[in-house]
Amino acid sequence: MLFNVQGQPTWPTVGDVEAQWAGENESLIDKTIDFDAIRANPNRLGVKVKVSRTALNQSNLDLYSIVVSKIGRAFAAKLNQAMLSFTKVATNAPTGVFVAPASKALDLSENPTLKEVVALETAVMDENVGGAVQGFGAYIIGTSMNGKLKTTPIEDGNPKMILEGNTMNGYPVIVSNYMDKDSIGFGFFEYSVVSQFGSMNLTVDPITGAGEDEVKFVANSNFDITILRPEAFVVGQIDTPTT
């Protein structure tokens, strides 16, 4: 994650060029290289909390610290939701890493098999992602899928389960309730960048709510999720028949 970003982060992209076999005096075909850039754009995320002054003064708890901590957790939750959702969660929200892959998800059985789990990795590797470069590859699953994979053997009669501990097919597994319960996501997350523009702006306002004896905690910041290589992410989904 990039913190306190100033300006607009930009990642240049350079297309590939293909060499050509040719005869001794044969003229080579002109080739071009495409140059472009991927840019991060700020998306505002904010929260406003009202707390009675009486509660702040009388509580034997440090309510100020509790409220600030809850605000931080609220920001983290919204970012995780945006990152893992299969659709854009709001008009002004960043686009998550699985939005595009979810539209062309690979099929999973009702109880996914090891072969299907490996197929997700293979789909990414087929796009020349990962391989010799040791990046942060990981599977993302929900709690329901977590239970299924922990109780499904790698093959009939084998005591070893597809998911044991926090590892599956040699990769770490991250469990999140923001992941679709009937799906498995896989990707190399070094190809996604979360940027925070500037710093978190937290205002504690004892003035505008004074008539109601309230203190307002207002937090604002700007974030983006930049996907540097969309092909680094894939989704597998159980096909649920319509009735």
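See the structure printed just above.
Residues numbered from 1 in each chain as written. Predicted model: local features only at pLDDT ≥ 70, side-chain atom pairs only at ≥ 80, totals over all residues. Heavy atoms only, no water.

Caption draft 1: Representation of the side chain of glutamate 121 within the structure. Relative to the helices and strands, glutamate 121 resides in helix H4 (residues 114–125). Although glutamate 121 is buried, it forms no salt bridge, and the closest oppositely charged side chain is lysine 115 at an N-O distance of 14 Å. Apart from residues lying up to four places away in sequence, glutamate 121 is in contact with Tyr139, Asn169, Tyr171 and Phe186. (Helix = DSSP H or I, 4+ residues; strand = E, 2+ residues; numbered from the N terminus. Buried < 20%, exposed > 50% of the residue type's maximum accessible area, 1.4 Å probe, protein only. Lys, Arg positive; Asp, Glu negative; His and termini not counted. Salt bridge = Lys/Arg side-chain N within 4 Å of Asp/Glu carboxyl O. Contact = heavy atoms within 4.5 Å.)

Caption draft 2: Seen up close, the pairing of strand S6 (residues 137–141). Counting buried positions along S6 gives 5 out of 5 residues, so the element sits mostly inside the fold. Of the two faces of S6, the one holding Gly137, Tyr139 and Ile141 and the one holding Ala138 and Ile140 are both buried throughout. Bridge analysis of S6 against strand S9 (residues 183–188) gives 5 bridges, and the strand direction is antiparallel. Note that in S9 the partner of alanine 138 across the bridge is glycine 187. Bridge count between S6 and strand S8 (residues 171–175): 3 bridges; the pairing is parallel. For tyrosine 139, the partnering residue across the bridge sits in S8 and is valine 173. (Pairing = 2+ DSSP bridges.)

Caption draft 3: Molecular detail of the sheet that holds S6. Strand order across the open sheet formed by 6 strands is S5-S12-S9-S6-S8-S7, with mixed pairing between neighbours. Looking at strand neighbours, the two that pair on one side only are strand S5 (106–108) and strand S7 (167–168), the edges of this open sheet. Most of the contacts of H4 go to S9, to which it runs at about 35°, and overall it touches S5, S6, S7, S8, S9 and strand S12 (233–238). (Axes fitted to C-alpha atoms, helices over the stretch in contact; angles between N-to-C directions.)

Caption draft 4: Main features of the pattern of salt bridges. Enumeration according to the criterion identifies 6 salt bridges in this entry. When the shortest N-O distance is used, the salt bridge between lysine 148 and glutamate 110 registers 3.0 Å. On the criterion of sequence distance, the pair formed by lysine 148 in helix H5 (residues 143–150) and glutamate 110 in the loop between S5 and H4 is long-range, its members being 38 residues apart. Note on lysine 148: relative accessible area 18%, which makes it buried. For the salt bridge of arginine 229 with glutamate 231, the shortest nitrogen-to-oxygen distance reads 2.9 Å.

Caption draft 5: Highlighting a nonpolar patch on the surface. Side chains of Tyr64, Met200, Leu202 and Val204 sit close together on the surface and give an oily, nonpolar patch of about 310 Å² of accessible area. It is strand S10 (residues 192–205) that provides the largest number of residues to the nonpolar patch, a total of 3 residues. (Patch = residues over 30% accessible without salt bridge, like charges linked within 9 Å, V, L, I, M, F, W, Y side chains within 5 Å. Areas by Shrake-Rupley, 256 points an atom, 1.4 Å probe, with all protein chains shown as cover.)

Caption draft 6: Molecular detail of the pairing of S12. For S12, the buried fraction is high: 5 of the 6 residues fall into the buried class. Sheet topology note: the S5/S12 ladder contains 3 bridges and is parallel. The partner of leucine 108 across the bridge, within S12, is isoleucine 238.

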